[in-house]
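Chain by chain, the residues run as shown.
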Amino acid sequence: LIAEQGKDAKAVIYGGGFIGSEYLNTFAHHNIPTTIVFRGSSFWSRVLDKQSGQLLLKHLEGQEVKVVTSAMFEKILGEKEFEGAQTSKGVFKGTILGVGIGTKPEFAWVKEAGVEVETGIRTNAFLETNIKDIYAAGDIVEFDDEIIGRPLVARTWMNAVLQGRVAAKNMTGGNEMFKIVSSYAMNILGLDVIFVGDTSREHADKIVVRGSEEEGGVTQLFVRDGKLVGATMVNRNADRPPVTKLIQEQVDVTETVDGWKDVGVTIGE
């Protein structure tokens, strides 16, 4: 479908998350001019700080992507073929539409079966639900994360695959705990964006920022109960290994966390 767009192709994307970003890469690969529209003030506006968001926006504008923020989708235009999208910030014409606004799992049948459900299907660290011998794995699961220290939903390919393996082992008599630092990374038109561990602003006691928009890279460090539990990195790929190690080992960072504000301080030093 994308290859058949022709020389007059023009893309519209609605959504400011990972799926929207994947559409950006796909359309850029086919040299299709693109407008991206989303509800937040920046990409991942519930997670990223202002500097990280601005860094992403400027990078995309530098790649000739038209970015429209704080806009609500209203309707699709065109009777037989897609002609454009009407939003609260105007009409954006196009020949192809990409939508990435998240998912909402249907849990009604699971609840009727007596399985506990909150944000996802609740399991312990062994991926067993509140009903003995009933296990769950993948994007629908809210599991007891023994590293992070709270129930977590981690909708990544890596988690889905590894959880499936652990659940299968335990269903056949094993006793293995699912214990891994969840992460997701992608490159958006040449800019690396990485999420590691628990990146909920709501559940963090403190968020420390390293780098800056001016320096061209920003890392957010999420701290809870004196321990590093998560991080986001925009164009600071080198921070990923030490951050992941600190989260995995659950080192007490109470005495060092404030020092990480200084660019010259190495994470974990």
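For the structure, check the block above.
Residues numbered from 1 in each chain as written. Predicted model: local features only at pLDDT ≥ 70, side-chain atom pairs only at ≥ 80, totals over all residues. Heavy atoms only, no water.

A. Region of interest: the sheet that holds strand 13 (residues 206-212). Pairing within the open sheet is antiparallel, and its five strands lie in the order 11-12-15-14-13. Either end of the sheet is taken by a strand with one partner, and the two such strands are strand 11 (183-188) and strand 13. With direction set aside, neighbouring strand axes in the sheet form an average angle of 15 degrees. Examined bridge by bridge, strand 12 (residues 191-197) and strand 15 (residues 227-234) share five bridges and lie antiparallel to one another. For Gly197, the partnering residue across the bridge sits in strand 15 and is Gly230. (Pairing = 2+ DSSP bridges. Helix = DSSP H or I, 4+ residues; strand = E, 2+ residues; numbered from the N terminus. Axes fitted to C-alpha atoms, helices over the stretch in contact; angles between N-to-C directions.)

B. Fine view of the pattern of salt bridges. Scanning all chains against the criterion turns up ten salt bridges. One salt bridge connects Asp8 with Lys7, and the closest N-O pair in it is separated by 3.6 Å. For the pair Asp8 and Lys7, one class covers both residues: exposed. The partner of Asp239 in a salt bridge is Arg210, with the nearest N and O atoms 3.6 Å apart. A residue pair is termed long-range when its members are at least 10 positions apart, and Asp239 in the loop between strand 15 and helix 5 (240-249) and Arg210 in strand 13 qualify at 29 residues. Arg210 shares its class with Asp239; the two are buried. Each of Glu118, Arg122 and Asp144 takes part in salt bridges that share partners, so that together they form one network. (Salt bridge = Lys/Arg side-chain N within 4 Å of Asp/Glu carboxyl O. Buried < 20%, exposed > 50% of the residue type's maximum accessible area, 1.4 Å probe, protein only.)

C. The arrangement of the sheet that holds strand 2 (residues 34-37) in detail. Read from one edge to the other, the open sheet built from four strands follows the order 3-2-1-7, with strand pairing classed as parallel. Each edge of the open sheet is held by one strand with a lone partner, namely strand 3 (66-68) and strand 7 (96-99). Within this sheet the neighbouring strands show an average axis-to-axis angle of 15 degrees, counted without direction. The pairing of strand 1 (residues 11-14) with strand 7 spans four bridges and is parallel. Looking at strand 7, one finds that Val12 is bridged to Leu97.

D. Structural view of the packing of aromatic side chains. Applying the stated criterion across every chain yields a total of nine aromatic pairs. Considering the side-chain rings of Phe43 and Trp44, the 5.6 Å spacing of their centres and the 40 degrees angle between planes classify their relative orientation as tilted. Here Phe43 falls in the buried class, since its relative accessible area comes to 0%. (Phe/Tyr/Trp six-rings, centres within 6.5 Å; stacked < 30°, edge-to-face > 60°.)

E. Fine view of helix 4 (residues 157-171). With 15 residues, helix 4 extends 21 Å between its outermost C-alpha atoms, agreeing within 8% with the 21 Å of an ideal straight helix rising 1.5 Å per residue. Every buried residue belonging to helix 4 is among Asn159, Gln163, Val166, Ala167 and Asn170, and all of these are buried. Along the axis of helix 4, the buried residues cluster in a sector spanning 100 degrees; they form a single face. Among the exposed residues of helix 4, those pointing more than 90 degrees away from its buried face are Trp157 and Arg165. Those residues of helix 4 hidden inside the fold are in contact with strand 9 (141-145). (Expected span 1.5 Å × (residues − 1). Arc of directions from axis to C-beta. Contact = heavy atoms within 4.5 Å.)

F. Up close: the nonpolar core. Membership of the largest hydrophobic core comes to 60 residues, with the highest contact counts inside it found for Phe43, Trp44, Leu56 and Ile188. Leaving out residues up to four positions away in the same chain, Trp44 has contacts with Gly16, Gly17, Phe18, Ser21, Leu56, Ile188, Val193 and Phe195. (Core = buried A, V, L, I, M, F, W, Y, C linked by side-chain atoms within 4.5 Å.)

G. Structural detail: the pairing of strand 2. Of the two faces of strand 2, both are covered, the one formed by Thr34 and Ile36 as well as the one formed by Thr35 and Val37. For the crossover that starts at strand 1, traverses helix 1 (residues 18-29) and ends in the parallel strand 2, the hand is right-handed. Where strand 2 and strand 3 come together, three bridges link them in parallel fashion. Residue Ile36 lies in a different strand from strand 3, and its bridge partner there is Val67. Crossover connection from strand 2 via helix 2 (residues 50-62) to parallel strand 3: handedness right-handed. (Right-handed = clockwise from strand over helix to strand, strands pointing away.)

H. Spatial organisation of the side chain of Gln220. Relative to the elements of secondary structure, Gln220 occurs in strand 14 (residues 217-224). Look at Gln220 and you get buried, because its relative accessible area is 0%. Reaching out from Gln220, the side chain makes a polar contact with the backbone nitrogen of Asp49 at a distance of 3.3 Å. (Polar contact = N/O pair within 3.5 Å; in protein donor to acceptor, adjacent residues only side chain to side chain.)

Just distances and angles here, no functional claims.
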